[in-house]
Amino acid sequence: MSSLSRELVFLILQFLDEEKFKETVHKLEQESGFFFNMKYFEDAVTNGEWDEVERYLSGFTKVDDNRYSMKIFFEIRKQKYLEALDKHDRSKAVEILVKDLKVFSAFNEELFKEITQLLTLENFRENEQLSKYGDTKSARGIMLAELKKLIEANPLFRDKLQFPSLKNSRLRTLINQSLNWQHQLCKNPRPNPDIKTLFVDHTCGQPNGARVPSPAPIMGSIPKAGGFPQLGAHGPFPTAPTPHPSSIAWMASPSPVPHPSVSAGAIGLTAPNSAAAAILKRPRTPPTNNLAVDYQTADSEHALKRPRPLGMQDEVNNLPVNILPVAYASQSHAQNLYSPDDLPKNVAFTLSQGSAVRSMDFHPMQQTLLLVGTSIGDIMVWEVGGRERLAVKNFKLWDIGECSVGLQAVLSKETSLSVNRVMWSPDGTLFGVAYSKHIVHVYSYHGGDELRQHLEIDAHVGGVNDLSFSHPNKQLCIITCGDDKAIKVWDAVNGSKLYTFEGHEAPVYSVCPHYKENIQFVFSTALDGKIKAWLYDNLGSRVDYDAPGHACMRMAYSADGTRLFSCGTSKDLESYIVEWNESEGAVKRTYHGVGKRSMGGIVQFDITRNRFLAAGDESVIKFWDMDNVNLLTTTDAGGGLPQSPHIRFNKEGTLLAVSTNENGIKILANTDGIRLLQALENRPFDATRVASGSVAKAPTINTFGPTTATTGTNVGVADRGTPTMAMVGLNGESQGLADVKPPRVGEDSIEKPKIWKLTEITEQSQCRSMKLSDSLMAAKVSRLIYTNSGLAILALASNAVHKLWKWSKNERNPSGKATASVPPQLWQPSSGILMTNEINNTSEDAVPCFALSKNDSYVMSASGGKISLFNMMTFKTMTTFMPPPPAATFLAFHPQDNNVIAIGMEDSSIQIYNVRVDEVKSKLKGHQKRITGLAFSHVLNVLVSSGADAQLCIWSTDKWEKQGSKFLQIPTGRVPSPLAETRVQFHQDQIQLLVVHETQIAIYDVYKFECLRQFSQELGGVVTHATYSCDSQSIYASFEDGSVGIFASSTLRLRCRISPSAYLSSNPTSSRVYPLVVAAHPSESNQFALGLTDGAVHVLEPLEAEGKWGTMPPAENGAGPSIASGLVGSDRQSR
């Protein structure tokens, strides 16, 4: 809208106010979004008119526009919720929780969990944080003061809080002036004209009854009469352009490939109707259809499969949030939040790379983990906090026999290739490498020095210029482009080609996948300056435009997914950095200060904090504020930079990696980054971990919550707010991995070869162990689990009673997480009730089982009787269902929908049960004895079941069809008990599977459905239980003789053995005591807990001086596991 049209709206607002059209004036304020009437907003809040408050706000911002907007809506909805609770209107409170507050659960599950638990209290003031909550009036007043600060600081309200200074009745004055002009143009002007209408131009009556001239718009052009200028310096009000009937501007020009059936939507891509174009101008939160509260509200969908609300900035992680409206954190003005001081410009140190850097990418979760690709084909993983090179791989073909003839011809002349691009997958478990000839390598990485080969793809003829990861159709894919002018999409699990996009007339330089609402698309740029966009089909490009100056550019979205930028250099060596108007397909801003190049090459750039742009140009790093085209500041990083250095920010924008002339990498940091690096440098060296997620975040940042989702994958900036994967444990628990601390390479793996010796721990002084205090009746521990937060341990005893131990924050334990150094409290609610399952008296061999919701609010449990759902805060039984027979023997939540649970039964069936509708959706039959294990893979979309029949079955989760089965191969000479349990648990990569039986521990590749490694030698006799460590790098196994073995999961080699004397009392009871179950801490990879036959629970950790359990055995040691050459009874179907 032009400035004059905007001013006309202000004139109309003034007119409506003067004429007392109160409802209309506020509706126009809201619909136009030009003026935010603070007084009206204050009145609505004070009166508790919550629907009107949100309706009015919706004209200016949406909940996901930025961190200020999110805080505004959160405070309003929280107050509405508290007022409903204060009135004891539980049904209204539940409705607000599900419809209004659930959107925030994706960004802070802990906060949402605490809000949910207020429903269980008679008076929410029993909550310590809400104990000072006053009456409704005072609470609204306190909240209103905070809302005003937030609105004033919100950049979306900039220039909208002050009404222009106007003389009274300005619109009437202008109309009168117009009428005077019209009257002067009359051929026969009358002294006192009678103005009867404004619908047509005024003319005085003609003699002899002449007709009035044809009507003309009052705001139309004015007749060219002498001395009468047009309205304003810019001419008459412009006529609004007629929108394209079925497309937005990006589609106004016909596509080179005709698609008459495709209607355009976001960015000119297909959508159900033309209204989808509005998505681009204001991304909206997808609607929530859940109208009833459910016990897992914070985690009803898995992060990878659930797109987070569009437009949500990563900066929301920095937002201070209070659960009560009593004492608010102060809010500084927006201009103070972003200053040049926030930019990482101070050189912390330089890493010696050894060869020229071609591409870099920081890990999406680990703030100091840097992936580097070089000009000679090397790839390296650096822990910059400790200046440690964790892993390195030189270029080498994995299987030359599978390569094309063209590639083999190239390699006969060139022994090494250079790296064009490296990039982490959204969850950080995979990374891709694009090489200068043909090849793409994909590795899996879970810490340490092991880069595990995942995929080798002969992707393009010539160079592979770029790659990225994306999730079309809920499937992780790799997108590549190359010199053969093609873009290709590959399945990230098996490497099969899904799509080929052809249409460019020059080599394709970069790809940028993204999505808006439900529309998934890919931008591509070519060396000739052409920009195209593609849907995931084979129908050709939907967009065909020229980059500024026909420059070869790389495109990138801001981390919140709402703003699109590109940077590149033309054949004339002119460089450009621009912001695009997606809805019009035009350049919105062109940033000044990029120099003309004296030699070839393309300017590299990056984006951080949804606020700053940076480019490596003219041997310096240049920075811009996104909203200002002028250069903000520069740094030469102490000199020694090439003309176009490669640059990369970490997720928080606290560190910046910059390539140097001397084949090095300079690490630049801001104040928070320096604190982060110092914290990591001062931390005792831990040879089994890389920088932890909790440490790696700047210590001064007060987070709203963990990042759980992104708005899409792009090229210039990888998914910075990356969702966490879930790992279903052997006990049925589902653990988030955002805080998992994966191991890093140890000194033992980089020192010179030395004689390796198994670490034996036989005395209590050799490790940290703690027996948890217990005042309840002792009964053997049947099931054991850490809460997903890592703050507590939950045990289920054979007498059907649950026990919960909680750790508190204090000086000795500032994190409040479980530890063997500080004793926890056996927690019970004030009511003194216990969580006790129903017991079926007719069943003597009941199998206890439980599963914990991902937000730790509820536990589902059974001990031979009905399945019970308990509230973890109050211990109250929320509901019971499924009375035996048959009894439940294993429980597992579906990773994408915790309303759906898989229930293993005593009669060998598996029931897929929907809790919300109380209905069994499917019944799976394939086992011959009771079900003893269930594990979901959201990557493969399968459920793996195990039973007392020593059989594994694979089921598809879309149609619940059986895809294959195998029986375990029982080692010769071992006779298992008739009902021996078989447990299963997926590795962090969601493809490898840990299988535990009393006779063996084995690792399977579920995609190929084959056994990779098997341990079955006599260590402590019968295996009682085993589980992956939180980072999947170790396996903790307990044995019937009381010992614990710690294995390297990659080889199944024993690295440490703990004797029972190291953790049991020196005067044990007369009966034999040994662990029945072992549980791994969800974020401390070297901590585990044991549940014993005497009812005790012990927590074990290595000594602080050691930091890890033993050292990795060398491959040549020969003390490895036996490898099963084949398994009997396979009837695996084609998958």
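You'll find the structure just up there.
Treat the numbers as computed from the prediction; the structure is a model and nothing was measured.

Draft legend 1. Inspection of the overall build of the chain at higher detail. Per the secondary structure count, the chain includes 14 helices and 59 strands. Looking at the chain as a whole, 59% of its 1135 residues are labelled buried. Across the chain, the fraction of contacts at a sequence separation of at least 24, relative to all contacts at a separation of at least 6, is 59%. Just so you have it, the chain exposes about 44,700 Å², and 50% of that area is on carbon and sulfur atoms.

Draft legend 2. Molecular detail of the packing of helix H3 (residues 38-46) against helix H4 (residues 50-57). Where H3 contacts H4, the two axes come as close as 8 Å, and the packing angle between them is 150°. Taken together, the axes of H3 and H4 lie roughly antiparallel to each other. Judged by the twist between their axes, the crossing of H3 over H4 is left-handed. Here H3 contributes Tyr40, Phe41, Ala44 and Val45 to the contact with H4, which in turn contributes Trp50, Glu52, Val53, Tyr56 and Leu57.

Draft legend 3. Molecular detail of the pairing of strand S13 (residues 497-502). In the sheet, strand S12 (residues 486-491) pairs with S13 via 5 bridges, with the strands oriented antiparallel. Residue pairing in the sheet places Lys488 in a bridge with Thr500 of S13. Two successive antiparallel strands, S12 and S13, enclose a turn made up of 5 residues, where Gly495 displays a positive phi of approximately 80°.

Draft legend 4. Seen up close, a nonpolar patch on the surface. Taken together, the side chains of Ile195, Leu198 and Phe199 define a hydrophobic patch exposed on the protein surface, amounting to about 330 Å² of accessible area. Tracing the backbone shows Phe199 in the loop between helix H9 (170-185) and helix H10 (278-281).

Draft legend 5. Local environment of the pattern of salt bridges. Summed over the entire model, instances satisfying the criterion amount to 39 salt bridges. With a closest N to O distance of 2.9 Å, Glu579 and Arg563 form a salt bridge. Linking Glu579 in strand S20 (residues 575-581) with Arg563 in the loop between strand S18 (552-557) and strand S19 (564-569), this pair joins segments that are 16 residues apart in sequence. Residue Glu579 shares its accessibility class with Arg563, and that shared class is buried.

Draft legend 6. The arrangement of helix H1 (residues 3-18) in detail. The end-to-end C-alpha distance of H1, which contains 16 residues, comes to 23 Å, matching closely the 22 Å that a straight helix rising 1.5 Å per residue would cover. Burial in H1 covers these residues: Leu4, Ser5, Val9, Phe10, Leu11, Leu13, Gln14 and Leu16. Positive backbone phi, at 65°, marks Lys20, one or two positions downstream of H1.

The rules behind each value
Residues numbered from 1 in each chain as written. Predicted model: local features only at pLDDT ≥ 70, side-chain atom pairs only at ≥ 80, totals over all residues. Heavy atoms only, no water. Helix = DSSP H or I, 4+ residues; strand = E, 2+ residues; numbered from the N terminus. Buried < 20%, exposed > 50% of the residue type's maximum accessible area, 1.4 Å probe, protein only. Contact = heavy atoms within 4.5 Å. Areas by Shrake-Rupley, 256 points an atom, 1.4 Å probe, with all protein chains shown as cover. Axes fitted to C-alpha atoms, helices over the stretch in contact; angles between N-to-C directions. Parallel < 35°, antiparallel > 145°, perpendicular 65-115°, else oblique. Left-handed = near helix turned anticlockwise from the far one by under 90°. Pairing = 2+ DSSP bridges. Patch = residues over 30% accessible without salt bridge, like charges linked within 9 Å, V, L, I, M, F, W, Y side chains within 5 Å. Salt bridge = Lys/Arg side-chain N within 4 Å of Asp/Glu carboxyl O. Expected span 1.5 Å × (residues − 1).

Bear in mind that shape data such as this cannot, by itself, settle questions of function.
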